Amino acid sequence: MRPIIILTIVGLISASLLALVDDITRDPIAKAKELMERRAIEEVFPFPLDSLRTITEGETSFFEACDNEGRLKGIAVKTSTEKGYSGKIEIILAVQPDHTIIDYKVIYTNETPGLGDKISKPKFREQFKGKSLEGPIWKVNKDGGFVDELTAATISSRAITDAVHRGLEHINQQYPNTAEQ
């Protein structure tokens, strides 16, 4: 009976300590994540951010980059896909007001180091720049599309293509009139 009492006490103390640590670290982790996302947004726009507005629609976050006069210079969206080799990939995608791609930044991935993580490299990202929903077939070459897939990382290439395409669709739904500007 004594070991059961000791194990119960140890379990209760452990659970209490875990709850306390979770409570203490929740806000700093959220702030660090926000800062990381802000830096990613700053990296995908090729101009300084005079003003950045955040708009949340459902589970999707949009970021409007404006100049000092309030004119829209670019739009970014946080989007993701579950189709990665190792699961979820999250990106920040930036587009011009006419919805052509400026750049993207991977903010979360578990893709294989040295293979799938090359989706973050400038050489791979370059092929998406200037593209929009109209025109190209949003698939990798192997599937009849325009994206040169990474050697030994076709699944990761398909996944990032899916994430970028989803981001463009979200932007076109949220900002249907900006393409006419």
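Because the structure is a prediction, the values reported are computed rather than measured. (Residues numbered from 1 in each chain as written. Predicted model: local features only at pLDDT ≥ 70, side-chain atom pairs only at ≥ 80, totals over all residues. Heavy atoms only, no water.)

We now examine a nonpolar patch on the surface. Taken together, the side chains of M1, I4, I5, I9, I13, L17, L20 and I24 define a hydrophobic patch exposed on the protein surface, amounting to about 840 Å² of accessible area. By the element assignment, I9 lies in helix α1 (residues 2–44). A relative accessible area of 45% means that I9 is categorised as partly exposed. (Patch = residues over 30% accessible without salt bridge, like charges linked within 9 Å, V, L, I, M, F, W, Y side chains within 5 Å. Areas by Shrake-Rupley, 256 points an atom, 1.4 Å probe, with all protein chains shown as cover. Salt bridge = Lys/Arg side-chain N within 4 Å of Asp/Glu carboxyl O. Helix = DSSP H or I, 4+ residues; strand = E, 2+ residues; numbered from the N terminus. Buried < 20%, exposed > 50% of the residue type's maximum accessible area, 1.4 Å probe, protein only.)

With 43 residues, α1 extends 61 Å from end C-alpha to end C-alpha; this agrees with the ideal 63 Å at 1.5 Å per step. Maximal helix bending in α1 amounts to about 35°, located at T25; proline P28 follows within four positions. All of the buried residues along α1 are E37, A40, I41 and V44. If you follow the buried residues of α1, they end up packed against β1 (51–57), β2 (60–66), β3 (72–84), β4 (87–95) and β5 (101–108). (Expected span 1.5 Å × (residues − 1). Bend = angle between axes of the 7 residues up to and from the residue. Contact = heavy atoms within 4.5 Å.)

Turning our eyes to something else, we now look at the pairing of β4. Burial within β4 is extensive, with eight of its nine residues counted as buried. In this structure, β3 lies alongside β4, joined through eight bridges in antiparallel fashion. Note on β4: the bridge partner recorded for A76 is A94. Once β3 ends, the chain turns through two residues before running back antiparallel as β4. In this structure, β4 lies alongside β5, joined through six bridges in antiparallel fashion. (Pairing = 2+ DSSP bridges.)

Attention shifts here to the side chain of K78. Among the secondary structure elements, K78 is positioned in strand β3. A polar contact of 2.5 Å, which involves the side chain of K78, links it to the side chain of E37. Contacts of K78, omitting those with residues within four sequence positions, involve K33, E37, T60, S61, F63, E90, I91, I92 and I107. (Polar contact = N/O pair within 3.5 Å; in protein donor to acceptor, adjacent residues only side chain to side chain.)

So, on to the UniProt feature "domain: FMN-binding" (unreviewed entry) in the protein. Under the UniProt annotation, "domain: FMN-binding" (unreviewed entry) lies at residues 84–171. Counting secondary structure, residues 84–171 comes out at 25% helix and 20% strand; the distance between its end C-alpha atoms is 22 Å. (UniProt positions renumbered as here; feature names shortened; annotations may be inferred.)

Attention shifts here to the pairing of β3. Looking at chain direction, β2 and β3 are connected through six bridges and run antiparallel. Opposite E64, over in β3, you have I75 as the bridge partner. Hairpin remark: β2 followed by β3, antiparallel, with five residues in the connecting loop; positive phi at G70, about 85°.

On to the sheet that holds β5. Taken together, the five strands give an open sheet; going across it, the order is β1-β2-β3-β4-β5, and neighbouring strands pair in antiparallel fashion. For this open sheet the edge positions go to β1 and β5, each flanked by a neighbour on one side alone. In this sheet, adjacent strand axes meet at a mean angle of 25° when their direction is disregarded. Most of the contacts of α1 go to β5, to which it runs at about 155°, and overall it touches β1, β2, β3, β4 and β5. Where helix α3 (residues 154–174) meets the sheet, it contacts β1, β2, β3, β4 and β5, and its direction lies at approximately 135° from that of β3. (Axes fitted to C-alpha atoms, helices over the stretch in contact; angles between N-to-C directions.)

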